[in-house]
Amino acid sequence: MARRIPPLNPLRVFEVVARTQNLTVAARELHVSQSAVSRQVGVLETYLGVELFRRERHGVVLTRIGRSYADQVVPAFETIATATEKLTKVSSQGSLRVRTYTTFAAKWLIPRLPDFRLKHPDIEVRITNGVPDVDFDRDGVDVAIQFGDGNWPRVHTDLLFHDEIEPVCSPAYLKREARKQGPDVLLRKRLLVSQYRRTDWEDWLRANRLEEKSSEAESMSFSSSILTWQAALDGLGVAIGQTALLLPELESGQLVRPFNRPLCRTKSHYLVRPQVQRESRKVMMFRDWLLESAAQTDSQLASQG
C-alpha cells in the first residue's frame, strides 16, 4: 500500500508555524506574505480533514490534534535539515579533491600547485591518480583532469590545452647519433615507446610520411610516459614528447626537438566537473586558476613554435 504523504509545501509551512507559534515570524522565515502562510495552512487542513490551529485574537494556537502532529513533523524536518547540512558541508568545505593521471600530475599540475597555494592558502588540494574516465559517484572527488575528446556524459568540461606531440631527445644523444647526417637518421636508431601512449610514434610518423625511415628501428618500451622521457633525458634514444608537459626540459635545453615538426592531436586535456554540483568557492577558485595556468602554457607553446 502506497504511503500517504501530504503536499510538501503546505507541510513545510505548517512546520515553521508550529515551531514559531507566530504567523508573522513564520512568513519572515519563509520569505512570503502572512496571507500566503495562512492559505498554505488551510490547504493542509483541507487535505487532512482536521483543524491544526485555532485562530485567536492575538495569533494562532495549535489544536490538540495539531500539537500531536507537530510533535512528529517538526523533528522530521530537523532530521532533513541536519542531513542536508552534512551533505553540503562535504561538497563545499574541506579539501579540494582532484583526480588525474600520474604523468599529468607529476609533469604539469604539481609543479604549479605552489602558485595556487600562494593565492589560496585556505584551500587544501588532494590529488588522486587514475587512468580510466572519472565516475564522480564512484571516485569521490570534486573535479578531475582527464585526456580525451571532451564528450563525456553528465559532466561539464573546460578545455585546458590540446595534445601536441613530437620526438624529443637529449642534446648529447642528438650530437652523438645524428652528427652531420641530419635528424632522419635517428629514426633508424632506438625509439622509446610509452605503453600507455603506444600509438604516438605511429601517428607522428604517418603524419610526416616517415614510416619507411623507421622500419628497421629498435624500440624500447616503458610502462609510462614519465619513464620514457627519463630514458630520453639519459640518452637512451628518441621519445615522443607531449610538448605542454615537457616545457621546462625544452626551455632549459635538457631535451631538444630534432625535427621541429609538432603534431596537434584531436584529443586534449580537460577539467571535468559533475553536471550537477554546488558551485562551491573551492571548485570555482581552482577552475579559474587552472584555466589561467593553462592559458600560460598555450602562450609558451606558441612561442616554442
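See above for the structure.
Structural notes, computed from the coordinates.

How each quantity is defined
- Residues numbered from 1 in each chain as written.
- Predicted model: local features only at pLDDT ≥ 70, side-chain atom pairs only at ≥ 80, totals over all residues.
- Heavy atoms only, no water.
- Helix = DSSP H or I, 4+ residues; strand = E, 2+ residues; numbered from the N terminus.
- Rg over C-alpha atoms; globule rule 2.2 N^0.38 Å.
- Contact = heavy atoms within 4.5 Å.
- Areas by Shrake-Rupley, 256 points an atom, 1.4 Å probe, with all protein chains shown as cover.
- Lys, Arg positive; Asp, Glu negative; His and termini not counted.
- Charge placed at Lys NZ, Arg CZ, Asp CG, Glu CD.
- Buried < 20%, exposed > 50% of the residue type's maximum accessible area, 1.4 Å probe, protein only.
- Pairing = 2+ DSSP bridges.
- Phe/Tyr/Trp six-rings, centres within 6.5 Å; stacked < 30°, edge-to-face > 60°.
- Lys NZ or Arg CZ within 6 Å of the ring centre and 35° of its normal.
- Core = buried A, V, L, I, M, F, W, Y, C linked by side-chain atoms within 4.5 Å.
- Expected span 1.5 Å × (residues − 1).
- Bend = angle between axes of the 7 residues up to and from the residue.
- Salt bridge = Lys/Arg side-chain N within 4 Å of Asp/Glu carboxyl O.

**Things to note about the overall build of the protein**
Step number 1: Helices and strands together make up the secondary structure of the protein, namely eleven helices and ten strands.
Step number 2: Expected size for 305 residues packed as a compact globule is a radius of gyration near 19 Å; at 31 Å, the protein overshoots this value by more than 25%.
Step number 3: Here the C-alpha coordinates of the protein stretch approximately 105 × 45 × 25 Å along the principal axes.
Step number 4: Excluding contacts between residues fewer than 6 apart, the proportion of contacts in the protein whose partners are at least 24 apart in sequence is 75%.
Step number 5: Carbon and sulfur atoms make up 51% of the accessible area of the protein, which totals about 17100 Å².
Step number 6: Positive and negative charge centroids in the protein, built from 43 and 37 side chains respectively, lie 3 Å apart.

**Remarks on the pairing of strand β5 (residues 143-148)**
Step number 1: Within β5, five of the six residues are buried, which leaves it mostly tucked inside the rest of the structure.
Step number 2: Relative to strand β10 (residues 263-274), β5 is paired through five bridges, and the arrangement is antiparallel. The residue of β10 that forms the bridge with A144 is V272.

**Quick look at the packing of aromatic side chains**
Step number 1: Under the criterion given, the structure shown has 13 aromatic pairs.
Step number 2: On the basis of an interplanar angle of 35° and a centroid distance of 5.2 Å, the ring pair of F104 and W108 is categorised as tilted. Taken together, the residues span about one helical turn, with F104 and W108 both in helix α5 (residues 102-119) at a distance of four residues. You'll find F104 and W108 in the same group, each marked buried.
Step number 3: Its end group placed over the ring of Y47, R4 keeps NZ or CZ at 4.7 Å from the ring centre.

**Describing the nonpolar core**
Step number 1: Counting 34 residues, the largest nonpolar core has F104, L109, I145, L160, F161, F286 and L290 as the members making the most contacts within it.
Step number 2: At the level of elements, β3 (96-100), α5, β5, β6 (155-168), α9 (225-233), α10 (247-252) and α11 (281-304) are the ones that each hand at least two residues to this core.
Step number 3: With seven residues, the top contributor of residues to this core is α11.
Step number 4: Here L160 is in contact with F104, I145, H269, Y270, L271, L290, L291, A294 and D298, once residues within four sequence places are set aside.
Step number 5: In this structure, A26, L44, L52 and V73 belong to the second largest nonpolar core, which totals 20 residues.

**A look at α5**
Step number 1: With 18 residues, α5 should reach 26 Å at 1.5 Å per residue; the first-to-last C-alpha distance of 24 Å fits that figure.
Step number 2: At L109, α5 shows its largest kink, close to 45°, and the proline P111 lies no more than four residues downstream.
Step number 3: Along α5, the residues classified as buried are T103, F104, A105, W108, L109, L113 and F116.

**Comments concerning the pattern of salt bridges**
Step number 1: In total, this model carries 30 salt bridges according to the counting rule given.
Step number 2: A salt bridge links E292 to K119; its shortest N-O distance comes to 3.8 Å. Separated by 173 residues along the polypeptide, E292 in helix α11 and K119 in helix α5 bring together distant segments of the chain.
Step number 3: Given the relative accessible area of 42%, E292 is considered partly exposed.
Step number 4: A relative accessible area of 43% means that K119 is categorised as partly exposed.
Step number 5: Between R126 and E124 there is a salt bridge, with its nearest N and O atoms 3.3 Å apart.
Step number 6: Through salt bridges with shared partners, one network takes in D163, R197, D200, E202, D203, R206 and R265.

**Looking at unusual backbone geometry**
What is expected of a backbone is that most residues other than glycine have negative phi and most peptide bonds are trans.
Step number 1: The phi angle at R209 is positive, at roughly 55°, despite the residue not being glycine.
Step number 2: Summarising the element assignment, R209 is placed in the loop between α8 (200-207) and β8 (218-222).
Step number 3: R209 gets classed as exposed once you look at its relative accessible area, which sits at 76%.
Step number 4: Its identity is not glycine, yet N260 carries a phi of approximately 55°, on the positive side.
Step number 5: Within the fold, N260 resides in the loop between α10 and β10.

**What to know about the environment of K213**
Step number 1: Its location among the elements puts K213 in the loop between α8 and β8.
Step number 2: Overall, the relative accessible area of 35% leaves K213 in the partly exposed class.
Step number 3: Every residue in contact with K213, bar those within four places of it in the chain, is listed here: D184, L187 and R188.

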